[in-house]
Amino acid sequence: MLKFTAEHEWLKVDGDVATVGITTHAAEQLGDLVFVELPEVGASFDKGGDAATVESVKAASDVYCPLDGEVVEVNQAIVDDPSLVNSDPQGAGWFFKLKLKNKADVEGLLDEAAYKELVG
Amino acid sequence: MDVASDLKKTPLHDLNVSLGARMVPFAGYEMPVQFPAGVLKEHLHTRAAAGLFDVSHMGQVIVRARSGDNADAARALESLVPVDVVGLAEGRQRYALFTAEDGGILDDLMIANRGDHFFVVVNAACKDADLAHMQARIGDSCEVTMLADRALIALQGPRAEAVLAELWGDIAGMRFMDVRACDLHDADCIVSRSGYTGEDGFEISIPADRAETVCRHLLDHPDVMPIGLGARDSLRLEAGLCLYGNDIDTTTTPVEAALEWAIQKVRRTGGDRAGGFPGAGAILGQFASGTARRRVGLKVDGKAPVRPPARLYSDADGKVEIGHVTSGGFGPSVEAPVAMGYVPVALAAPGTPLFAEVRGKYLPVTVAALPFVPNTFKR
């Protein structure tokens, strides 16, 4: 199940774990990424917390935690090569896996059609 | 609300949009921050081949002596800048600074001797204030006119000379900081061999109605790519060049900013035309007694970019704050983050280890000689 936030994150939900990344639209808007900082495995965040940081040549941006949960895995590959986020944002460029505190929270997120409408 | 309606457009606006530029507000203009290639590729292309920049937002000003004697205009300009203008030969250009009475910097600019007048290029954000400053201070002796009907472009990079030579054969005879009139595709242009990237290259003033034609000819060349303000900033940062408003402003003096090289000996204490510019007492005093702080380059030891206004510390725990970053980001040619900032003179020697605060962490940085990449000017 693929879900989206208005802050341009995507979540692929499998059981009570969601793989989280930034959308193709967000990656295009940010431009070439040169630095990614990911959370520690085991870190817990509330919805909207600053979970990761991405930097393009020009600017730094925060990536928010889309729902309450605990980080159970991070994608070291995008730290080693931030350009993966630009080349495959909704695939190999995923950021982290989040064990959801309340699985039902997923229902409050946007589906793909609603997200596409949002970004026009 | 249509924010864009308040913004001015350059003569190359339609061309920029047609090339797919992402337009952003900058100094009151709608300007291209990047083209579809993106900042990284644009930066590296400029260092490898040739990049074309629209810098028409900058102010182009003519200073002409009312007496008809260009030496009077030179003397008038010398009353505003700590620079040798009287000794600037016809067809030559020089970097200059408008200084304030307390020694601060009002703007940085280029001054070219065009024989019967001086051609001055100033920063976009300062141009109205600069024009008023010049008219107020030297308006009695000089006619000071902002050119509203000309575009300004820069063609920068190792292939710039060859590309421009195909349009105008005389280009190879120019050396760094030469200025010539030339005819590019029936456009009456002013070409200077200078720029803001650390690369060899040219800045070209073009009549507004001919600018798009000239640019399209340049862009037809396979070595030329359009470049946005994003890469312009990363290129100048690697070249160690100051951005007015970030690295220099009214609170920094030329000596603090490590711009002593811009003040020729003739204007310093003991020179034939020493002083005579705003803030001369303060600035020449700093030549003699030094300053407390100095602008330096900073190499970042890790991968995280350090951006202004990151605070700088002498210790890894953030206890002793010693300065701050004024420019910083990722240097695509350096392949690492680079920055500039102000630190106490005692900590300004290359190799000095310092720490920069980024998101609550204290990241190791090292004072480094500028520029970060060697310049390739054709002197």
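(A) Examining the pairing of strand E6 (residues 50-56) of chain A more closely. Residues and elements named next belong to chain A. Burial of E6 is extensive: 5 of the 7 residues sit out of reach of the surface. Where strand E4 (residues 33-37) and E6 come together, 4 bridges link them in antiparallel fashion. Paired with Leu33 across the bridge in E6 is Ser56. Pairing between E6 and strand E7 (residues 60-64): 5 bridges, direction antiparallel. Looking across to E7, one finds that Asp50 is bridged to Tyr64.

(B) Highlighting the interface of chain A and chain B. Across the contact, 11 residues belong to chain A and 14 residues belong to chain B. Those elements that place two or more of their residues in the side of chain A that touches chain B are E4 and E6 of chain A. Each residue belonging to the side of chain A that touches chain B can be placed in one class, and the counts come to 4 nonpolar, 3 polar and 4 charged.

(C) Spotlight on the sheet that holds strand E5 (residues 93-99) of chain B. Residues and elements named next belong to chain B. Within the open sheet, the 5 strands sit side by side as E5-E6-E7-E4-E8. Their pairing is antiparallel. The outermost strands of the open sheet, each flanked by one partner alone, are E5 and strand E8 (142-146). The sheet shows a mean angle of 25° between the axes of neighbouring strands, direction not considered. Sheet topology places strand E6 (residues 105-113) next to strand E7 (residues 118-122); 5 bridges connect them, and they run antiparallel. Among the inter-strand pairings, Ile111 is bridged to a residue of E7, identified as Val120.

(D) Structural context of helix H7 (residues 229-238) of chain B. All names here are of chain B. The buried count for H7 comes to 9 of 10 residues, which makes it a mostly enclosed element. Taken together, the buried positions of H7 are Leu229, Gly230, Ala231, Arg232, Asp233, Ser234, Leu235, Leu237 and Glu238. Immediately beyond the C-terminal end of H7, within one or two residues, lies Gly240, with a positive phi of roughly 75°.

(E) Looking closely at the domain arrangement of chain B. Residues and elements named next belong to chain B. Domain annotation of chain B identifies domain 1 (3-57 + 149-238) and domain 2 (292-379). The centre of domain 1, based on its C-alpha atoms, is set 29 Å off from the matching centre of domain 2. Of the residues lining the interface, 14 residues belong to domain 1; the matching set on domain 2 comes to 15 residues. Elements with a contribution of two residues or more to the side of domain 1 that touches domain 2: helix H2 (39-48) and H7. Ranked by residues supplied to the side of domain 1 that touches domain 2, first place goes to H2 with 4 residues.

(F) Just the sheet that holds strand E5 (residues 44-45) of chain A, in detail. Residue and element names in this part refer to chain A. Read from one edge to the other, the open sheet built from 6 strands follows the order E1-E2-E3-E9-E8-E5, with strand pairing classed as antiparallel. Each edge of the open sheet is held by one strand with a lone partner, namely strand E1 (2-4) and E5. Examined bridge by bridge, strand E3 (residues 17-22) and strand E9 (residues 96-100) share 4 bridges and lie antiparallel to one another. Across the sheet, Ala18 pairs through a bridge with Leu98, a residue of E9.

(G) Here's a closer look at the nonpolar core. Residue and element names in this part refer to chain B. Among the nonpolar cores identified, the biggest contains 104 residues, and Val63, Leu77, Val81, Ile111, Ile153 and Leu155 are the most heavily contacted of them. Not counting the four nearest positions on each side in its chain, Leu77 is found in contact with Val63, Val85, Ile111 and Phe118. Among the nonpolar cores identified, the runner-up in size contains 23 residues, and Val296, Val300, Tyr342 and Val358 belong to it.

(H) Molecular detail of unusual backbone geometry. Residue and element names in this part refer to chain B. Across the junction of Pro308 and Pro309, the peptide omega takes the value 0°, indicating a cis bond. As for its placement among the helices and strands, Pro309 is situated in the loop between strand E14 (293-300) and strand E15 (311-313). Omega for the peptide link from Leu370 to Pro371 comes to 0°, which places this bond in the cis form. Summarising the element assignment, Pro371 is placed in the segment after strand E19 (361-368). Positive phi, normally seen in glycine, also occurs at Ala27, with a value near 50°.

(I) Examining the packing of H2(B) against H7(B) more closely. All names here are of chain B. Following both chains from N to C, one finds H2 and H7 inclined at 55°, their axes separated by 8 Å at the closest point. The angle between H2 and H7 places the two elements in the oblique class. Relative to H7, the crossing made by H2 is right-handed. Two secondary-structure elements touch here, H2 through Val39, Glu42, His43 and Thr46 and H7 through Gly230, Ala231, Ser234 and Leu235. Residue composition of the contact of H2 with H7, by class: 3 nonpolar, 4 polar and 1 charged.

(J) Geometry of the confidence of the model for chain B. Averaged over all residues, the pLDDT of chain B is 96; the fraction at 70 or higher stands at 99%. Both confidence scores are given for the complex: pTM 0.94, ipTM 0.86.

(K) The arrangement of the pairing of E3(A) in detail. All names here are of chain A. Summarising the sheet, strand E2 (residues 9-14) and E3 pair through 6 bridges and their orientation is antiparallel. Bridge pairing in E3 places Trp10 opposite Gly21. Linkage of E2 to E3, two consecutive antiparallel strands, is achieved through a turn of 2 residues, within which Gly15 is found at a positive phi near 65°.

What counts and what doesn't
- Residues numbered from 1 in each chain as written.
- Chains lettered and ligands numbered in written order.
- Predicted model: local features only at pLDDT ≥ 70, side-chain atom pairs only at ≥ 80, totals over all residues.
- Buried ≥ 20, exposed ≤ 12 C-beta atoms within 10 Å, placed from the backbone.
- Helix = DSSP H or I, 4+ residues; strand = E, 2+ residues; numbered from the N terminus.
- Pairing = 2+ DSSP bridges.
- Contact = placed C-beta atoms within 7 Å.
- Nonpolar A, V, L, I, M, F, W, Y, C, P; charged D, E, K, R; others polar.
- Axes fitted to C-alpha atoms, helices over the stretch in contact; angles between N-to-C directions.
- Domains from an automatic or database assignment.
- Core = buried A, V, L, I, M, F, W, Y, C linked by C-beta atoms within 7 Å.
- Parallel < 35°, antiparallel > 145°, perpendicular 65-115°, else oblique.
- Left-handed = near helix turned anticlockwise from the far one by under 90°.
- pLDDT = per-residue confidence, 0-100.

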